[in-house]
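Spelled out from the first residue to the last, the chains are:
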Amino acid sequence: MGVEKQRPVKRPINYQRILVWPDAFKLNGDSLQFEGKLADKTRVLAVYYLQTKAEQAYFQHLTHPVILQVSGTCSRPEHATNQNEFDYATYLKQQRRINYIVQIEQIRQIEAQKWSLVGWLHHARQVLSCRADHYPPLLRQYFKCLVLGIQTNSFQDTAQQFKRLGLIHLFSLSGLHVFYFVGLFSQLLLRLHLTKETRDWLLLLLLPAYVIFAGSSVSLIRAVSLCWLRVLNRRFSFQISALDCFGWVLLFNFAVQPYVLLGLGGQLSYLLSFLLLFLRDKNAVFKTLWLNLFSLPILLHHVYEWHYLLVLLNLLVMPLFSYAVLPLTLIGAGCFSFLPGFSWLINWGLAAFQTSLLYLARPQWMIVFGRLTGTITLILLILTAIMLTVSKKYRISMGLFLGSIYLTIFLLIHYPLVDRVIFFDIGQGDSILIESRLHKRITLIDTGGRLTFNQAEWRKQKRSARAERVTINYLKSRGIKRIDRICLSHQDADHIGDLAVLLEEMTVKEVAFPAGMENNPQFRHRIWPYRQQIRWRPLQTGAKIQVTPQEELQVLHPERPGLGTNEDSLVLYGQIGGKTWLFTGDLDAANEVTLCERQRLKADFLKAGHHGSRTASAQTFLETVQPERILISSGRNNRYGHPHSDVIQRYQDLQIPFYNTAENGMLLWSSTDGWQTFRHKE
């Protein structure tokens, strides 16, 4: 909702000691991130920017526990500032028990930590991870993910695609893997002619160790705990039912992690494992169908879309995973040191498997439904449970009733009765969405994007695009799969840098831009791969674009073709939802004044030029437009000092209220509720 957020308080820390396990370090270019414990056992997330390539190599190959003596600043993590954006701060607090982020300025000393059993397990995991770095690329990713529970940076993009397919659970250490490894271990012990009693005692000792060794994820804790109780049951003949075992495991997990059922992983892990117990006597098709029916509301609450072939993919891929992918991964890793050619052959097979699946992960195979609220998700789960438990003669009627509810929700999400204008908190950049009622027209003005600077190769970080995390995520949460028009104000990366991501992920009918920008070499390079698939439309003064069935925006600038510089910025003016809007891109003050001289402009809402820079927002321009409110899009703590203090003073002198995404988060205007902001308040 529209609430203000206080800035996270930063306080200096003077050479704090942090205990870190060797497998906790995550390297991404010159960024080092890790979870650790302070001397008082407080868990923190620490971030440090590496100074040299040698320093990067040291942490990359570190295999023993260490204590870092550091100085820096400690602050609360930032909550999500866009509607329906993933809230990383809440995730850290609830799922990782972390309330503070330490921004390390200096690592003063590194001490070796005394060895312990837990330390040895983390050491072994890191040693295997370092050895796996020499495996063929895909075999390395699969081994780290399926055996060690480590998802590498290079696997993140692939993981997103498998998430779309509804198959990401296969790459999270869970019951499938645990029972496979336990079965393999049991067979090995029997081959060594050890007794069943010895096997059970070894499993009781080794299963808890494997939880620590493989990363202690929610699904792994659940799977190992159930397997451990099953072995305990067998060894001592306790006769505890499977359902009771499930209950004890859930209570144990609640004690360790009270918020376990508030995350997607915990919800799916426990719900689906309970259903497997409930449906243990049913055939595979029946189980798969019901597992997908129950997971659907949870996925729509968190992910907003699902795959057309979700049930079929799970039915076909799970056996393939169990009987081919898992064993081949273990064989390929095991024989690499003495038979590398065979490991490369397995790598080729894994690549063929993955390529085939990722072909189906393209956007056109997805149904974008929209976000379900928590209350609706719970109601749908209850109704699905009722449908499962009623007698067969009522099941069809119940299914039709449930289907009608899904259809009603789908229509309400996809055909809203209000116009909306959204200024995304996209960081230092612009991205503005115009949603007409009933979603008859969807228009995006600029895409946002990162400004890049020349860096040494080892410093370059792999990052997901902000548009993917913010803009596309929001569009899908609103049931939007199609953008009618993307208007690019000019060629700067903070305005059009994420264009390619949007063209890949969304169906876009047209891209409009200031006339002449097509001759800019940088812009031509960006659009070259997409030049044939959509319509490209240069605009200049006099053109019009439709933003709702009844309303349009006029193009006031540029008057003549340019190269897409700030001075050539596309200026759009007109009615949306009964209010007058003026969008000026990064237009400079001189051209703002020229606009006023050509025609007398009046606007209810003005998008501040150039993020509130003093090169824009001319006094004459502001006095002429007389806006009710000014909207500033700028990044928190940006290096340019936007918005400039002189400009803010100018707004205040003219008594013009303003919102700034850096302070207020996403800005949302609707034709029924007016303005809302989205920064969280502690």
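Residues numbered from 1 in each chain as written. Predicted model: local features only at pLDDT ≥ 70, side-chain atom pairs only at ≥ 80, totals over all residues. Heavy atoms only, no water.

Draft legend 1. Spatial organisation of the overall build of the protein chain. Within the protein chain one finds 23 helices and 23 strands. Relative to the 2.2 N^0.38 estimate, which gives 26 Å for 682 residues, the radius of gyration of the protein chain is 28 Å and therefore close to what a compact globule would have. For the protein chain, the share of sequence-separated contacts (at least 6 apart) that also reach a separation of at least 24 residues comes to 69%. (Helix = DSSP H or I, 4+ residues; strand = E, 2+ residues; numbered from the N terminus. Rg over C-alpha atoms; globule rule 2.2 N^0.38 Å. Contact = heavy atoms within 4.5 Å.)

Draft legend 2. Looking closely at the sheet that holds strand 17 (residues 571–576). The sheet built from seven strands is open, its strands ordered 15-16-17-18-19-20-21 with mixed pairing. Taken across any chain shown, the strands that pair with only one partner, and hence form the sheet edges, are strand 15 (544–546) and strand 21 (658–660). The mean inter-strand angle of the sheet, taken between neighbouring strand axes irrespective of direction, is 20°. Both strand 18 (residues 579–583) and strand 19 (residues 605–607) contribute to a ladder of three bridges, which runs parallel. The partner of Trp-581 across the bridge, within strand 19, is Phe-605. (Pairing = 2+ DSSP bridges. Axes fitted to C-alpha atoms, helices over the stretch in contact; angles between N-to-C directions.)

Draft legend 3. Representation of the sheet that holds strand 10 (residues 432–435). Pairing is mixed across the open sheet formed by eight strands, whose spatial order is 14-13-12-11-10-9-22-23. The sheet terminates laterally at strand 14 (535–539) and strand 23 (674–677), the two strands that pair on one side only. Each strand axis lies, on average, 20° off the axis of its neighbour in the sheet, ignoring direction. Bridge count for strand 9 (residues 420–423) against strand 10 is four bridges, and the pairing is antiparallel. The residue of strand 10 that forms the bridge with Ile-422 is Leu-433. Along the sheet face, helix 16 (residues 466–477) touches strand 9, strand 10, strand 11 (442–445), strand 12 (482–487) and strand 22 (667–670) and points at about 10° away from the line of strand 10.

Draft legend 4. Quick peek at the nonpolar core. Within the largest apolar cluster, 58 residues are counted, with the highest numbers of intra-cluster contacts made by Tyr-142, Leu-165, Phe-171, Val-178, Phe-321 and Leu-357. Looking at this core element by element, the count peaks at 10 residues for helix 8 (residues 218–236). Phe-424, Ile-442, Ile-483 and Val-508 belong to the second largest nonpolar core, which has 31 residues in total. (Core = buried A, V, L, I, M, F, W, Y, C linked by side-chain atoms within 4.5 Å. Buried < 20%, exposed > 50% of the residue type's maximum accessible area, 1.4 Å probe, protein only.)

Draft legend 5. Broad picture of the packing of aromatic side chains. Under the definition given, this model contains 35 aromatic pairs. When the ring of Tyr-58 is compared with that of Phe-59, the centres are 5.1 Å apart and the planes differ by 80°; the resulting orientation is edge-to-face. Given the relative accessible area of 34%, Tyr-58 is considered partly exposed. Both rings, one in Trp-115 and one in Trp-120, keep their centres 4.4 Å apart while their planes meet at 25°; by these two values the pair is stacked. Above the ring of Phe-286, the side-chain terminus of Lys-282 is found at 5.5 Å from the ring centroid. One residue, Arg-362, lies across the ring of Tyr-359, its end atom 3.9 Å from the ring centre. (Phe/Tyr/Trp six-rings, centres within 6.5 Å; stacked < 30°, edge-to-face > 60°. Lys NZ or Arg CZ within 6 Å of the ring centre and 35° of its normal.)

Draft legend 6. Structural detail: unusual backbone geometry. Across the junction of His-557 and Pro-558, the peptide omega takes the value 10°, indicating a cis bond. Within the element layout of this structure, Pro-558 appears in the loop between strand 16 (552–557) and strand 17. For Gln-626, which is not glycine, the phi torsion reads 50° and is therefore positive. In this structure, Gln-626 sits in the loop between helix 21 (619–625) and strand 20 (629–632). For Gln-626, a relative accessible area of 48% gives the class partly exposed.

Draft legend 7. Geometry of helix 16. For helix 16, built from 12 residues, the straight-helix expectation of 16 Å at 1.5 Å per residue is met to within 8% by its first-to-last C-alpha distance of 16 Å. Of all 12 residues that make up helix 16, nine are buried, and the element is covered over most of its length. All of the buried residues in helix 16 are Ala-467, Val-470, Thr-471, Ile-472, Asn-473, Tyr-474, Leu-475, Lys-476 and Ser-477. Taken from the residues just after helix 16, Gly-479 is the one with a positive phi, measuring 75°. (Expected span 1.5 Å × (residues − 1).)

Draft legend 8. Fine view of the pattern of salt bridges. Taken as a whole and assessed by the stated rule, the structure comprises 25 salt bridges. Here Glu-35 ties to Arg-43 by a salt bridge, and the two come within 2.9 Å at their closest N and O atoms. Classification of Glu-35 by relative accessible area gives partly exposed; the value is 22%. Judged by relative accessible area, which is 22%, Arg-43 ranks as partly exposed. Where Glu-510 meets Arg-535, a salt bridge forms, and the shortest distance between an N and an O atom there is 2.7 Å. Of the two residues, Glu-510 is situated in strand 13 (residues 507–514) and Arg-535 in strand 14; the sequence distance between them amounts to 25 residues. Judged by its relative accessible area of 4%, Glu-510 falls in the buried class. Through salt bridges with shared partners, a single ionic network connects Glu-197, Arg-199, Asp-200, Arg-234 and Arg-235. (Salt bridge = Lys/Arg side-chain N within 4 Å of Asp/Glu carboxyl O.)

Draft legend 9. How the structure looks around the environment of Ser-337. Structurally, Ser-337 can be placed in the loop between helix 12 (310–334) and helix 13 (340–359). For Ser-337, a relative accessible area of 68% puts it in the exposed group. Between the C-alpha atoms of Ser-337 and Tyr-135, which are 202 residues apart in sequence, the distance is 9.2 Å.

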